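Notes for the structure review
These are the residues of each chain, in order.
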Amino acid sequence: MRILATFAVGLVIAGPAWAENSDQEFKGNVGQSNVSTVPPQSSSETSKPRSALAPVPPEVIERFPALNHLRKSGAQLFETGTAHGLRGVVARQGDEFMILQMTPDGDAVISGVQTDLSVDRLVSIGGGGEPSVTELGTKHGMRGLFVRNGRQFQVFYATPDGQSVIPGVMWDAEGKNITREQVAPIPGVTPTVTIGKENEAIGAAAATQITNKSALDATEKTTFGLSGQSSAPRLYVFVDPLCSYSVRALQQLQPLVARGRVQAAIIPLAVLDYEDNGASTPSALAMLSKPAEQMAQAWSRGELNGPASSDAEEKLRQNMAIAEAIGLRGTPTVIWRKADGSEGRIDGLPEDWNAVIASMEGENHAAR
């Protein structure tokens, strides 16, 4: 996922591996702004070292469910001050960080920084012949606004006083992506190849496979690209081609694939259309238009242009139906057969690929 990945595990459906708990991604991906959102800083502010940020007091973290969830996920929390009635917090883990705004009730956070635009100003800018500003209602005390700019779009949340808006994504204390739910009813926002009534037969078949067999058996029915030797144990990886955590998974796997330790089966999905202005679906279709042995390479090289093949959309529908049937929470999701015959699964970016592969090779594997 990107720097706003999942509230707790790091899928890309929205943020770093420690940020969200689902789909996929707190995420700098979800609803990333196309305008400069960083407020100007004075010379004294810019000269302050990182250590100048005060930690959020433990009693405050305990009082607010969203902060408590982040802390339990392993993030360090720092104060950034209060503006327009909202408390700002930086969540940091390792070399990754997120700038967050707490909702008034303390039960959710918004990934993003406050802009200098007021609600009235934003609405006047977005006004035009065709309605381009859609009210999303109020969640956790925050008014949501969906703004369309041609084929691009962005979700903004208004501060309580209406004098500032935040381009970003809202996550609740359980890691649930509230923004995704809010924009789902808007045509063209969520993945354009959907799992709907036209795919009920495929979804039902996949669900039946899982009920009667296993998630791995269903996963084997997907359309995927292959990278690595056929003699190596196969590792299935569900990806969104525009998910930064999926990209990272491929990069981390490449040396292991090159050494013959694993064969990667890359399964394209389109789960981030609502965050990347509908770009995930055509990228996934482009991957599925390639021969299996070229799919991963084309993705790694960014060669996902050109028209989709006639059967690519059906392949993507089936992949997404199976992903839904196995309860996929985000990308990447990794599934494999262990040496003892049981199944392994990690929702998010694995912390130790060698351990995953070792479980496939068994006790007598030779490190390579």
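We now turn to the structure provided with this report. In this text, all values refer to a predicted model and were calculated from it rather than measured experimentally.

Below, the discussion takes up the packing of aromatic side chains. Tallying each qualifying case throughout the model produces one aromatic pair. Taking the centre distance of 5.5 Å and the plane angle of 85° together, the rings of phenylalanine 224 and tyrosine 236 count as edge-to-face. On the criterion of sequence distance, the pair formed by phenylalanine 224 in the loop between helix H7 (215-219) and strand S11 (225-227) and tyrosine 236 in strand S12 (residues 234-239) is long-range, its members being 12 residues apart. Among the residues examined, phenylalanine 224 registers a relative accessible area of 15% and is labelled buried. You can call tyrosine 236 buried: its relative accessible area is 5%.

Looking now at the pattern of salt bridges. Under the criterion given, the structure shown has 10 salt bridges. Here arginine 261 and glutamate 361 are joined by a salt bridge, their closest N and O atoms 3.1 Å apart. Note that arginine 261 is positioned in the loop between helix H8 (244-258) and strand S13 (263-268) and glutamate 361 in helix H12 (residues 353-361), a separation of 100 residues in sequence. On the basis of relative accessibility, which here comes to 5%, the residue arginine 261 falls in the buried class. Using a relative accessible area of 18% as the deciding quantity, one classes glutamate 361 as buried. Put simply, lysine 315 and aspartate 311 hold a salt bridge, and the shortest N to O gap is 3.3 Å. For lysine 315, a relative accessible area of 25% gives the class partly exposed. Using a relative accessible area of 35% as the deciding quantity, one classes aspartate 311 as partly exposed. Each member of the salt-bridge network shares a partner with another, and the members are Asp217, Arg337 and Glu343.

Now for the sheet that holds strand S8 (residues 152-158). Read from one edge of the open sheet, four strands run S6-S7-S8-S9, paired in antiparallel fashion. Single-partner strands in this sheet number two, and they are strand S6 (133-139) and strand S9 (165-167). Pairs of neighbouring strands in the sheet enclose a mean axial angle of 30°, with direction left out of account. Sheet analysis places strand S7 (residues 142-149) next to S8, joined by seven bridges and oriented antiparallel. Among the inter-strand pairings, asparagine 149 is bridged to a residue of S8, identified as glutamine 152.

Parameters at a glance
Residues numbered from 1 in each chain as written. Predicted model: local features only at pLDDT ≥ 70, side-chain atom pairs only at ≥ 80, totals over all residues. Heavy atoms only, no water. Phe/Tyr/Trp six-rings, centres within 6.5 Å; stacked < 30°, edge-to-face > 60°. Helix = DSSP H or I, 4+ residues; strand = E, 2+ residues; numbered from the N terminus. Buried < 20%, exposed > 50% of the residue type's maximum accessible area, 1.4 Å probe, protein only. Salt bridge = Lys/Arg side-chain N within 4 Å of Asp/Glu carboxyl O. Pairing = 2+ DSSP bridges. Axes fitted to C-alpha atoms, helices over the stretch in contact; angles between N-to-C directions.

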